[in-house]
Amino acid sequence: MANVSAPSQSTLQSLANPTRFVSLADRLLPWLAALTVALMAAGLYLGFFVAPADYQQGETVRIMFVHVPAAWVGMFVYVVMASAALGSLVWKHPLADVTARAAAPVGAVFTLICLVTGSLWGRPMWGAWWVWDARLTSMLVLLLMYLGLIALWHTIEDPIRAGRVAAILILVGVINIPIIKFSVDWWYTLHQPASVFRFDGPTIHISMLIPLLLMGAAFMSLVAVMILMSMKNEILRRRIRAISIRAAYEGRKERA
Amino acid sequence: MSRALLALFRRDLRLSVKVGGGAPMGVLFFLVVVTLMPFSIGPDLPLLQRIGPAVLWIAALLATLLGLDRLFQADQEDGSLDLLVTAGHPLELVALVKGLAHWTATSLPLVVAAPFMGLLLNMQADAIAAVTLTLLAGTPALTLIGMIGAALTVSLRRGGVLIAILVLPLSVPTLVFGVGAVLGAVTDPAPFLSPFLVLCALSLVAGVIGPIAAAAALRAGEG
């Protein structure tokens, strides 16, 4: 961190200064929070009051507006963590560790939301709370990977070493993401195939697609808010750790 | 260099089969798990025959996990891991050799024991052959993936449970294609060869990713 004050530095490098990052995050957060509220309000209104009920599934289809964005975000956060892991292993960027660590609980929560809402949706539709089909199972595996990573971070005390070790595991686990994405296409099972992000365009009607995409944007922005806030906490936590270690060291020197 | 690696292979093999090495425990554990299965689901022979391949695969997976925490930890405790890291050989190759030695000592006996376990579970001859063949092709993947978890947790006390949590999600594809190939061999319509080839591919991919990730984890743990 010696050359952060050098005049010719890229934005990415200037963000390596945690103080500068925190002040930038502080300026961004109110706008992002406002954006989240606006998108969420619009998406929820359109989804719950304007969009028509499905001709087959009736009103229960509305759970889609929470379930599907949660699934997108659950996988997206893992991709964010994987790029952060790359950043911490290749460029040793000081904030990459913080990003990955702050993102893991957020991703785990949204994966859990996806699983729970899917289960609530599946009960009236399929007649079962849980079926062992390819997508449900791979999503459950994603949750297990998030929990394993969080456990790894909790076990290793030194945050720098924990970050490097976790980054390796994140990169190994990224193989699972395409398996989840394409599981509905590779194995023809109970879960319906992809209907929004397809090569030949979405197959879902426009009246449902707009609120769905709005809710997707709202969830993305919500995740950005949560990760930024959690990163600020993590930076403060590391600062407190450094201060307390230094205080202990100084105290020992004085006694000696 | 190859002589040094061969010596490392021999050393690891000898250490793991000696008393305290833990390799014979794996087969014993395998036998215990398979024995417990009829106690838990009842001695229903047609049912055992049907779920036999899955039982053998799960038991092999658990037995593979059992010895993994010693893969690097024993060397770390007596300091020889530091020598291996600083010896000048590519750490990836060292990890691969250690992984192969571990597989030879702990997983190969499982493959040899599998036909006898199959008899206990009332499996037909073709199912027994298929299970043995898939275990032979698939257990390297389990060991090499597990090696990543062992390297990640090498400096932790009580890392054993954590290894299981970290490694089991990654070993899902191996399990799926292993059992899938056996079922393909037993029930006619599904093919045996394509899942079996995927299984071989998984082992080869794990042979590349496992050593690289394990070496990176060992280096990260040193600093």
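Above this text sits the structure in question.
Quick summary incoming for the structure in this document. Counting starts from 1 at the beginning of each chain's written sequence and moves along it residue by residue. Chain A is the first chain written and ligand 1 is the first ligand written, with later ones labelled in order. Local features in a predicted model are, by the rule used here, given only for residues with pLDDT of at least 70; side-chain atom pairs are given and counted only at 80 or more, and totals for whole chains, interfaces and linings are based on all residues. Heavy atoms from the whole structure form the basis of all side-chain values; hydrogens and water molecules are not counted.

## Digging into the overall build of chain A
Inference 1: When helices and strands are tallied, chain A shows eight helices and zero strands.
Inference 2: A run of H or I in DSSP becomes a helix once it reaches four residues, and a run of E becomes a strand once it reaches two; helices and strands are each numbered from the N terminus. Its helices and strands in sequence order give chain A the pattern α-α-α-α-α-α-α-α, from N to C terminus.
Inference 3: Burial classification: accessible surface area is computed with a 1.4 Å probe over protein chains only, and a residue below 20% of its type maximum counts as buried, one above 50% as exposed, and the rest as partly exposed. Among the 256 residues that make up chain A, the fraction classed as buried is 45%.
Inference 4: In these tables, accessible area is a Shrake-Rupley quantity obtained with a 1.4 Å probe, and a residue counts as shielded only by the protein chains included in the view. Accessible surface, chain A as shown: approximately 13700 Å² in total, 69% of it carbon and sulfur.

## Quick notes on the packing of aromatic side chains
Residues and elements named next belong to chain A.
Inference 1: Planes of paired rings set the category: under 30 degrees apart is stacked, over 60 is edge-to-face and the rest tilted, where pairs are Phe, Tyr or Trp rings (Trp by its six-membered ring) whose centres lie within 6.5 Å. Under the defined criterion, the tally for this structure stands at four aromatic pairs over all chains.
Inference 2: Taken together, a centroid distance of 5.7 Å and an interplanar angle of 40° make the contact between Tyr 45 and Phe 49 tilted. You can see Tyr 45 and its partner Phe 49 sitting in helix H2 (residues 18-50), four residues apart, about one turn around the helix.
Inference 3: Judged by its relative accessible area of 64%, Phe 49 is exposed.
Inference 4: Look at Tyr 78 and Tyr 146: their rings are 5.8 Å apart centre to centre, the planes differ by 70°, and that puts the pair in the edge-to-face class. Highlighted residues: Tyr 78 in helix H3 (residues 64-90) and Tyr 146 in helix H5 (residues 134-155), separated in sequence by 68 residues.
Inference 5: Overall, the relative accessible area of 1% leaves Tyr 78 in the buried class.
Inference 6: Residue class for Tyr 146 comes out buried when judged on its relative accessible area of 0%.

## Here's the deal with unusual backbone geometry
Inference 1: The backbone of Lys 92 of chain A sits at a positive phi, close to 50°, despite the residue not being glycine.
Inference 2: With respect to the helices and strands, Lys 92 of chain A occurs in the loop between H3 and helix H4 (94-126).
Inference 3: Residue Lys 92 of chain A is classed as exposed on the basis of its relative accessible area, which comes to 56%.
Inference 4: At Asn 122 of chain B, a residue that is not glycine, the phi angle is positive and equals roughly 65°.
Inference 5: With respect to the secondary-structure elements, Asn 122 of chain B resides in the loop between helix H6 (91-120) and helix H7 (125-152).
Inference 6: Asn 122 of chain B sits in the partly exposed class, given a relative accessible area of 27%.

## A short note on the side chain of Ser 80 of chain B
Inference 1: In this fold, Ser 80 of chain B is placed in helix H5 (residues 80-86).
Inference 2: Contacts are residue-level and defined by heavy atoms, with any inter-residue pair within 4.5 Å sufficient. Excluding residues within four positions of it along the chain, Ser 80 of chain B makes contact with Arg 11 and Asp 75 of chain B.

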